[in-house]
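Okay, here's what each chain looks like letter by letter:
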Amino acid sequence: MPEVCAGEPTQFQPVEIDDFVALVQAGGEVEPERLRNRVMTRGVSLGFLRESTGCLLGVGGLKAPFVSHRKQVATDSATALAEGDFPYELGWVFVLPSARGRKLSFPLCEPLVTQAAGKGIFATSRIGNIGMHATLKKLGFVRTGKAWRSKQNQEELVLFLKKAV
Ligand SMILES: CC(C)(COP(=O)(O)OP(=O)(O)OC[C@H]1O[C@@H](n2cnc3c(N)ncnc32)[C@H](O)[C@@H]1OP(=O)(O)O)[C@@H](O)C(=O)NCCC(=O)NCCS
């Protein structure tokens, strides 16, 4: 049975961070420049989903986004996204194509959401990403605001919010 290991970026070996960055880049939905640096400085908790053999199946992260990114998402989605209300973003989620359809995105993301300790989280997702939408809803996120087109995607993006509890 696959297991998830989640923790602060500094808790992991440099080669594990290499794998994390490589998988996030394979997803193709983030700006590649200085991604490793962003992972190390903005990552609050990184999740590694591994097969019992140790083989890496997927990654995800809870991050403290840059102010500029938060403002862009707020503007694009026409939604208020104050840092005090939503200090964290759930992102960098990628499951290897060969491991998809096994309902592993939920156990991958759940410990990352737990790391927010009840504080608000936002997440963006392609409008047609049915699997991610289902998992976000199961984690307590609600789709909010209007759809928009980003630089990295042909497909429109939508915003999901999980309010503080
Ligand atoms: C998004 C991603 C992580 C989802 O993982 P996955 O393995 O494909 O999906 P899962 O098997 O975990 O399924 C999650 C849920 O979506 C449902 N689902 C998945 N694909 C579906 C489809 N095509 N139609 C309907 N439901 C679907 C599953 O039934 C499950 O719901 P349930 O638990 O309520 O039954 C994965 O597809 C991926 O890495 N995609 C590329 C990167 C990406 O899009 N990342 C997200 C950025 S926000």
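Refer to the structure printed above.
Cut-offs applied
- Residues numbered from 1 in each chain as written.
- Predicted model: local features only at pLDDT ≥ 70, side-chain atom pairs only at ≥ 80, totals over all residues.
- Heavy atoms only, no water.
- Helix = DSSP H or I, 4+ residues; strand = E, 2+ residues; numbered from the N terminus.
- Rg over C-alpha atoms; globule rule 2.2 N^0.38 Å.
- Buried < 20%, exposed > 50% of the residue type's maximum accessible area, 1.4 Å probe, protein only.
- Contact = heavy atoms within 4.5 Å.
- Near = heavy atom within 4 Å.
- Polar contact = N/O pair within 3.5 Å; in protein donor to acceptor, adjacent residues only side chain to side chain.
- Areas by Shrake-Rupley, 256 points an atom, 1.4 Å probe, with all protein chains shown as cover.
- Nonpolar A, V, L, I, M, F, W, Y, C, P; charged D, E, K, R; others polar.
- Pairing = 2+ DSSP bridges.
- Axes fitted to C-alpha atoms, helices over the stretch in contact; angles between N-to-C directions.
- Phe/Tyr/Trp six-rings, centres within 6.5 Å; stacked < 30°, edge-to-face > 60°.
- Lys NZ or Arg CZ within 6 Å of the ring centre and 35° of its normal.

Caption draft 1: Summary view of the overall build of the protein chain. Along the protein chain, the regular secondary structure elements total five helices and seven strands. For the protein chain, the succession of helices and strands along the chain, N to C, is β-α-α-β-β-α-β-α-β-α-β-β. In summary, the protein chain has a C-alpha radius of gyration of 15 Å against a globular reference of 15 Å for 165 residues, a match within 12%. Summarising its shape, the C-alpha atoms of the protein chain cover approximately 45 × 35 × 30 Å along the three principal directions. Sorting the 165 residues of the protein chain into buried and exposed places 44% on the buried side. Intrachain contacts of the protein chain at a sequence separation of at least 6 include 67% that bridge at least 24 residues.

Caption draft 2: Structural detail: the environment of Asp-18. Structurally, Asp-18 can be placed in helix H1 (residues 14–27). Each C-alpha atom of the pair Asp-18 and Arg-36 lies 7.8 Å from the other, and the pair is 18 residues apart in sequence.

Caption draft 3: Structural context of the site of the ligand. Around the ligand sit 19 residues in total, of which Val-95, Lys-103, Ser-105, Asn-129 and Lys-138 are the nearest. Here an oxygen atom of the ligand and a backbone polar atom of Val-95 are 2.8 Å apart. Within the complex, the protein chains bury 71% of what would otherwise be the 940 Å² of accessible surface of the ligand. Among the secondary structure elements, those contributing two or more residues to the shell around the ligand are strand S4 (88–95), strand S5 (121–126) and helix H5 (130–138). Its residues assigned to classes, the shell around the ligand comprises seven nonpolar, six polar and six charged.

Caption draft 4: Quick look at the side chain of His-133. Its location among the elements puts His-133 in helix H5. For His-133, the residues in contact, after removing those within four places along its chain, are Ser-125, Arg-126, Ile-127, Val-158 and Phe-160.

Caption draft 5: Expanded view of the sheet that holds strand S7 (residues 156–162). Strands sit in the order S1-S2-S3-S4-S5-S7-S6 across an open sheet of seven strands; the sheet is mixed. Whereas interior strands pair on both sides, the edge strands pair on one side only; in this sheet they are strand S1 (3–7) and strand S6 (142–149). On average, adjacent strands in this sheet sit at an angle of 20 degrees to one another, irrespective of strand direction. Where S6 lies against S7, five bridges are found, and the strand directions are antiparallel.

Caption draft 6: Local environment of the packing of aromatic side chains. A full pass over the atoms with the stated rule returns three aromatic pairs. Geometrically, the ring pair formed by Phe-12 and Phe-48 is tilted, given 4.5 Å between the ring centres and 50 degrees between the ring planes. Of this pair, Phe-12 sits in the loop between S1 and H1 while Phe-48 sits in strand S2 (residues 43–50), and the two are 36 residues apart along the sequence. As far as burial versus exposure is concerned, Phe-12 and Phe-48 are alike and both buried. Residues Phe-20 and Trp-92 carry aromatic rings whose centres are separated by 5.9 Å and whose planes lie at 90 degrees to one another, so their mutual orientation is edge-to-face. On the criterion of sequence distance, the pair formed by Phe-20 in helix H1 and Trp-92 in strand S4 is long-range, its members being 72 residues apart. With relative accessibility at 0%, the residue Phe-20 sits in the buried group. Judged by relative accessible area, Trp-92 falls into the buried class, the value being 6%. Each residue in the set Phe-12, Phe-20, Phe-48 and Trp-92 is aromatic and connected to the rest through ring pairs, giving one cluster. When the ring centre of Phe-94 is taken as origin, the NZ or CZ atom of Arg-100, which lies over that ring, is 5.2 Å away. One residue, Lys-138, lies across the ring of Phe-106, its end atom 5.4 Å from the ring centre.

Function cannot be inferred from these measures alone, as they are strictly geometric.
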